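Analysis of the macromolecular model
Residue strings, one per chain:
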Amino acid sequence: ASVGSAFATTTTLFSSSIIFCFDRENVLIATTAAAIGAASAYLYFNKTSTMTRPKGSSVEVAEGDRKYLIGGNWKCNGTVEANEALIKTFNEAGPIPSNCEVVVCSTFIHLSQLLSSLREDVGVGGQNCGNNAGKGAFTGEIAAFQLKDLGCTWVIIGHSERREGFGMVGEPSDLCAAKCKIAIDAGLNVMFAIGEKKEERESGKTMEVCASQLEPLAKALDAKDWEKVAIAYEPVWAIGTGLTATPEMAQDTHADIRKWISDNVSPEIAKATRIQYGGSMKGKNAKDLLAQPDIDGGLIGGASLTEDFFNVVNGVPK
């Protein structure tokens, strides 16, 4: 059989969980399909399909100085089946306010699923990228240029879970800054996460910590690069704990971050840069948080895995 017919046969039979191998070439293809699993096969065939994403819809509202940015971080959650249901919910969630940009960041293996079936007015991004600008011997890494090639427009860099590590060495601030620059050079936008731990806030070191995470970034980027960066302030003590900074507490820190950017980068960049809040924002508290003058959106964890994500989207000031 030809390579083309082999792929056709493998596609058809894989979907029914049966694989027949007709010759040596087909054996290789079938074995590969079995090895990578149903999820990866789904991604491959959707990547090469001509499926068109639903268009979505928008409602016109007054624009402010900065467009709100609501990012969903699915973390290490999701299956093909569960994602299909959630994507359907998002696709049917109604119009997105015109003053709001929405992005969903899934696991790497589910990105093609989003890029083939999620409404097209919602951007798709990765949750991390490698420190390698090009291809090569970087086993297990996903490069920024590969995310861009797949169709992603965003990536999260510097999330506290990666800075801290989970059974592995965490990522230092210099590395996070270098990865941010690589992602920007590859054509991606970056949600660059910073934030302090509970003991650091209680000892009055919130801005000292945030500044230490921003300093390498300021050194790595030029003025033009900042157009592709949003700062995601995520107090570590509020991530996934149900604890949330009061709107006033969050506003104070966001204002301090904006002042730091003004003093250490430029006032113009500080005014233009979006600063998201990422400490357990959900539908019931989004409106009050987003009403603060220096809170320009959210990086949403748990709530992005449910229909509540669009309650956050609809919480942006109109």
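Sequence order as written defines the numbering, with residues in each chain counted from 1. Totals for whole chains, interfaces and linings use all residues, but because this is a predicted model, local features are given only for residues with pLDDT of at least 70 and pairs of side-chain atoms are given and counted only at 80 or more. The side-chain quantities take in all heavy atoms of the structure and omit both hydrogens and water.

A few points about the packing of helix H9 (residues 206-220) against helix H10 (residues 247-264)
To be explicit about the condition: The axes used here are C-alpha line fits, helices contributing only the stretch in contact, and every angle between their N-to-C directions lies in the interval 0 to 180 degrees. Helical segments are the DSSP runs of H or I of at least four residues, strand segments are the runs of E of at least two, and each set is numbered from the N terminus. Crossings are classed by handedness, with left-handed meaning an anticlockwise turn of the near helix from the far one by less than a right angle and right-handed meaning a clockwise turn. Any pair of residues with heavy atoms lying within 4.5 Å of one another is described as a contacting pair.
Two numbers describe how H9 lies on H10: the axes approach to 11 Å, and their chain directions differ by 35°. Every pair of crossing elements has a handedness; the one defined by H9 and H10 is right-handed. Along its contact with H9, which presents Thr206, Met207, Ala211, Leu214, Glu215 and Ala218, the element H10 presents Thr253, Asp256, Ile257 and Trp260.

Examining the side chain of Asn99
Within the element layout of this structure, Asn99 appears in the loop between strand S3 (96-97) and strand S4 (100-105). Leave out the neighbours within four places in its chain, and Asn99 touches Val61, Ala62, Glu63, Lys67, Tyr68, Val316 and Pro317.

Here's the deal with the pattern of salt bridges
This is how the line gets drawn: By definition, a salt bridge exists where a carboxyl oxygen of Asp or Glu is found within 4 Å of a side-chain nitrogen of Lys or Arg. Here's how the labels work: a residue is buried when its accessible area is under 20% of the maximum for its type, exposed when over 50%, partly exposed in between, all with a 1.4 Å probe on protein chains only.
Applying the stated rule across the entire model yields 17 salt bridges. Lys198 is the salt-bridge partner of Glu202, the closest N and O atoms lying 2.6 Å from each other. Here Glu202 pairs with Lys198, and both are found in helix H8 (residues 198-202), just four residues apart, close to one helical turn. Of the charged contacts, one joins Asp296 and Arg258 as a salt bridge, the two residues approaching to 2.7 Å between their closest N and O atoms. Taken as a pair, Asp296 in the loop between helix H12 (283-290) and strand S10 (297-300) and Arg258 in helix H10 lie far apart in primary sequence, 38 residues in all. Of the two residues, Asp296 and Arg258, neither departs from the other in class, the shared state being buried.

Quick word on the environment of Gly151
Topologically, Gly151 is positioned in the loop between helix H5 (144-150) and strand S6 (154-157). On the basis of relative accessible area, Gly151 is assigned to the partly exposed category, the value being 37%. Between the alpha carbons of Gly151 and Ser116 there is a distance of 9.9 Å; along the sequence they are 35 residues apart.

What to know about the state of the cysteines
Put simply, the test is: Working definition: a disulfide is two cysteine sulfur atoms within 2.5 Å of each other.
All chains considered together, the criterion is met by zero disulfides. There is no disulfide at Cys105, and the cysteine sulfur nearest it, in Cys152, is 8.1 Å away. What makes Cys105 buried here is its relative accessible area of 0%.

So, the packing of aromatic side chains
To keep it simple, the criterion reads: Pairing of aromatic rings covers Phe, Tyr and Trp, the last through its six-membered ring, and needs centres within 6.5 Å; plane angles under 30 degrees mean stacked, over 60 mean edge-to-face, and all others mean tilted.
Going through the model one piece at a time under the given rule, you end up with four aromatic pairs. Note on Phe90 and Phe310: the rings are 5.6 Å apart at their centroids and 45° apart in plane angle, and the pair reads as tilted. With Phe90 in helix H3 (residues 80-91) and Phe310 in helix H13 (residues 309-313), this residue pair connects regions lying 220 residues apart in the sequence. Taken individually, Phe90 and Phe310 each receive the classification buried, so the pair is uniform in this respect. Taken together, the ring pairs in this structure connect Phe90, Phe309 and Phe310 into an aromatic cluster.

A few points about the confidence of the model for the protein
Rule in force here: Known as pLDDT, the predictor's confidence for each residue is given on a scale from 0 to 100.
Model confidence for the protein is summarised by a mean pLDDT of 88, while 84% of its residues fall at 70 or above. Predicted confidence for residues 1-50 stays below pLDDT 50, and this span has 44 contacts to residues more than four positions away or in other chains.

Some thoughts on the pairing of S6
Definition in use: Here a strand pair is declared whenever DSSP counts at least two bridges between the two strands. By the criterion used throughout, a crossover qualifies as right-handed when its path from the first strand across the helix to the second strand runs clockwise, the strands pointing away from the viewer.
Burial along S6 is two-sided: the residues Trp154 and Ile156 and Val155 and Ile157 are all buried. Relative to S6, strand S5 (residues 122-126) is paired through two bridges, and the arrangement is parallel. Residue pairing for S6: Gly126 is matched across the bridge by Val155. Once you follow S5 into H5 and on to S6, the crossover reads as right-handed. When S6 meets strand S7 (residues 189-194), the two strands line up parallel, connected through four bridges. Bridge pairing in S7 links Ile156 to Met191.

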